[in-house]
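# Topology and contacts: notes
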Protein chains: 2
Amino acid sequence: MTTAPIPRRAEPDVRRQSLIAACARVLAREGAAGTSVRVIAREAGVSPGLITHYFTGIEALIAATYADVDQTVRAAMEVAVAAAGTDPRARLDAFVTASFAPPIADRALLATWIAFWSLVSARADIARQHDDQYAAYRARLTEMLDACGVAPDRLRLASITLAAVVDGLWLELCLSPGCFSAQEAGVIARAQIDSLMPPPK
Amino acid sequence: MTTAPIPRRAEPDVRRQSLIAACARVLAREGAAGTSVRVIAREAGVSPGLITHYFTGIEALIAATYADVDQTVRAAMEVAVAAAGTDPRARLDAFVTASFAPPIADRALLATWIAFWSLVSARADIARQHDDQYAAYRARLTEMLDACGVAPDRLRLASITLAAVVDGLWLELCLSPGCFSAQEAGVIARAQIDSLMPPPK
DNA sequence: TTTATTGTTGTACGATCGTGCAATAACATG
DNA sequence: CATGTTATTGCACGATCGTACAACAATAAA
């Protein structure tokens, strides 16, 4: 978890990434209320001024952190899907199962998500970023449901349904880990997929 | 939405409630980042010191606001259920349908929810309050599923499933209102209930 | 080695934060 | 009207906030 010490003078991309990682760590540890420029800078081992140098402000840093987390999640998902082989149903199962396992079901990730959500209501550009990322997520689900033979006129509601189930389970799994297990969440989500499948002929 | 002007000296319960309402309004308008003691006080038309007089701190006020919102939601739910008559399935349908209509599906409510969630990771007492309130919510769902004849050994997963679907739909409906409609959410949730029902004999 | 470039530091600024506390004002009781 | 109670105010305090900017330091080019 601890990052390797970064040389005093780092390449912009490396430093940028280290600031994003530090922001995610602070959000997870302190919560959104305790996340400030100075705390993040200390966490990253740099001076506070450097954050202003790389980002317009702290909200831009949170937005960038959210985008980064989103990309991490997406990559982990695709790895799980690729490992499941070529059967469309097996790939869809792997997709939802991965949603409840590390590194996706993680308190640190949730903290970033929540901090980002808290900006959606007040800032239009953040709201659009959320719309875009969520649309891409549902589009991916739609693709996989289509490959499983779900009828085209049912695709829209089916993807919304599956996204809602997975999100609801993921959220509660992170917020109240003692309530039910990741295994149970997987069972529920796969049963949900069953009920969305076209009837066998 | 605007509250009637409160007499300079109010009964403690009335004043307390007006501070909670002001906190909810500020959370909805400014987001969690812009919610401070002074802003809430100005919104409520009182001096900043009064908030310290009624609450231990701003986090206690947010926790109280969350508890109040939870109670409002619960009351609205029960009204909808009672209006649905005595048929268990009709009552359950009314329960989930009400989740996607005002005053439950509301941006102001969501803002309070998110602000509260952002405190869960960092504060143990807040985490327990969340656990308790969510357990009560699922217990109510379990009751209604039981009344519909769901087998006892399926009750646990069934209630978790339905709670996840409703939560996921509610969350996305509030965050991205343009993505799908409340009517569509209702259709999805009722279809979910269908698939949880015991097979007709 | 000298020069140019630029990542990085450190600090200072004004604003706002949450909180504590004495003073004030409204109401109940006599 | 006088008196006690308490809701409420208004301000001051120290801390922390986000940001700006001049100085510094590390690297590449000449």
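Counting starts from 1 at the beginning of each chain's written sequence and moves along it residue by residue. Whichever chain is written first becomes A and whichever ligand is written first becomes 1, with later ones labelled in order. Totals for whole chains, interfaces and linings use every residue, but because this is a predicted model, local features are given only for residues with pLDDT of at least 70 and side-chain atom pairs only at 80 or more, for both listing and counting. In computing side-chain properties, one takes all heavy atoms of the structure into account and sets aside hydrogens as well as water.

Our focus in this paragraph is helix α7 (residues 124-147) of chain A. Strands are runs of DSSP state E lasting at least 2 residues, helices are runs of H or I lasting at least 4, and numbering of each runs from the N terminus. Each residue after the first adds 1.5 Å to the expected span of a helix. Along its 24 residues, α7 of chain A runs 35 Å from first to last C-alpha, staying within 8% of the 34 Å computed at 1.5 Å per residue. Type-normalised accessible area, obtained with a 1.4 Å probe on protein chains alone, sets the label of each residue: buried when under 20%, exposed when over 50%, and partly exposed for intermediate values. When α7 of chain A is considered as a whole, its buried residues turn out to be I126, A127, H130, Q133, Y134, Y137, R138, R140, L141, M144 and L145 of chain A. Contacts between residues were defined by any pair of non-hydrogen atoms, one from each residue, lying within 4.5 Å. Where the residues of α7 of chain A are buried, they touch α4 (58-83), α5 (88-98), α6 (107-120) and α8 (152-175) of chain A together with α8 (152-175) of chain B. Downstream of α7 of chain A by one or two residues, G149 of chain A has phi in the positive range, about 90°.

It is worth spelling out the pattern of salt bridges at this point. A side-chain nitrogen of Lys or Arg and a carboxyl oxygen of Asp or Glu constitute a salt bridge if their distance falls within 4 Å. For the structure on display, the rule yields 22 salt bridges over all chains. Its salt-bridge partner being E43 of chain B, residue R25 of chain B comes within 2.5 Å of it at the nearest N-O pair. You can see R25 of chain B sitting in helix α1 (residues 12-30) and its partner E43 of chain B sitting in helix α2 (residues 37-44), a full 18 residues away along the chain. For the salt bridge of R29 of chain B with E30 of chain B, the shortest nitrogen-to-oxygen distance reads 2.9 Å. Because the salt bridges share partners, they merge into one network encompassing R25, R29, E30 and E43 of chain A.

With 15 residues, helix α9 (residues 182-196) of chain A should reach 21 Å at 1.5 Å per residue; the first-to-last C-alpha distance of 21 Å fits that figure. Elements that come into contact with the buried residues of α9 of chain A comprise α5 and α8 of chain A together with α8 and α9 (182-196) of chain B.

This part is about the packing of α8 of chain A against α8 of chain B. Helix axes use the C-alpha atoms of the stretch in contact, all axes being lines fitted to C-alpha atoms, and the angles between their N-to-C directions lie in the range 0 to 180 degrees. Contact geometry of α8 of chain A with α8 of chain B gives a least axis separation of 7 Å together with a crossing angle of 105°. The orientation of α8 of chain A with respect to α8 of chain B, classified from their angle, is roughly perpendicular. Contact residues: α8 of chain A offers I160, A164, V165, G168, L169 and L171 of chain A, while α8 of chain B offers I160, A164, V165, G168, L169 and L171 of chain B. Put simply, Ala, Val, Leu, Ile, Met, Phe, Trp, Tyr, Cys and Pro go in the nonpolar bin, Asp, Glu, Lys and Arg in the charged bin, and everything else, Gly too, in the polar bin. Grouping the amino acids of the contact of α8 of chain A with α8 of chain B by side-chain chemistry returns ten nonpolar, two polar and no charged. Angular relationships are summarised with four words: roughly parallel below 35 degrees, roughly antiparallel beyond 145, roughly perpendicular across 65 to 115, and oblique for the angles in between.

Each residue is tested against the molecule or strand, and it is near if at least one of its non-hydrogen atoms lies within 4 Å. As a matter of local geometry, DNA strand D sits amid 18 residues, with V37 and R38 of chain A together with A10, S47 and Y54 of chain B nearest to it. Backbone atoms, meaning sugar plus phosphate, form 58% of the atoms of DNA strand D positioned within 4 Å of the protein. Pairs of N or O atoms within 3.5 Å make up the polar contacts considered here, provided that, within protein, one atom can donate a hydrogen while the other can accept it, and that residues adjacent in sequence are counted only when both atoms are side-chain atoms. Between DNA strand D and the protein, one listed contact pairs a base oxygen with a side-chain N or O atom of R38 of chain A at 2.3 Å. Y54 of chain B places a polar side-chain atom, nitrogen or oxygen, 2.7 Å from a phosphate oxygen of DNA strand D. Breaking the surface near DNA strand D down by element, the ones donating at least two residues are α2 (37-44) of chain A together with α3 (49-54) of chain B. For the surface near DNA strand D, the element with the highest residue contribution is α3 of chain B, accounting for four residues. Its residues placed into classes, the surface near DNA strand D shows six nonpolar, six polar and six charged.

All names here are of chain B. Each Phe, Tyr or Trp ring, with Trp reduced to its six-membered ring, pairs with another whose centre is within 6.5 Å; inter-plane angles below 30 degrees give stacked pairs, above 60 give edge-to-face pairs, and intermediate values give tilted ones. All chains considered together, the criterion is met by eleven aromatic pairs over all chains. The interplanar angle of 45° and the centroid separation of 5.7 Å between the aromatic rings of Y134 and Y137 together place this pair among those described as tilted. With Y134 and Y137 both in helix α7 (residues 124-147) and three residues apart, the pair spans about one turn of that helix. There is no split in this pair, since Y134 and Y137 are both buried.

Right, let's get into the domain arrangement of chain A. Residue and element names in this part refer to chain A. With domains assigned, chain A is organised as domain 1 (1-55) and domain 2 (66-196). Every contact between the two is made by six residues of domain 1 and, on the other side, five residues of domain 2. Reported buried area values correspond to the accessible surface (1.4 Å probe) lost by two parts on association, with both partners' losses combined. Of the roughly 430 Å² buried between domain 1 and domain 2 on both sides combined, carbon and sulfur atoms contribute 72%. On inspection of domain 1 and its partner domain 2, the count reaches zero salt bridges. Scanning the region where domain 1 abuts domain 2 turns up one residue pair in polar contact (both at pLDDT 80 or more). Each domain's extent is set by a domain assignment, obtained either automatically or from a database.

With that settled, consider the relation of the copies chain A and chain B. For the pair of chain copies, the relating transformation is a rotation about an axis with a translation along it. For the match of chain A to chain B, the screw axis carries a shift of 0.0 Å, the RMSD comes to 0.0 Å, and the turn is 180°. Taken together, the rotation angle and the small translation identify this as a two-fold axis. Interface overlap between copies is the fraction of interface residues in one copy that are interface residues in the other; for chain A against chain B it reaches 100%, indicating a shared surface. The superposition of copies rests on a least-squares fit of C-alpha positions from residues with pLDDT of 70 or more in both.

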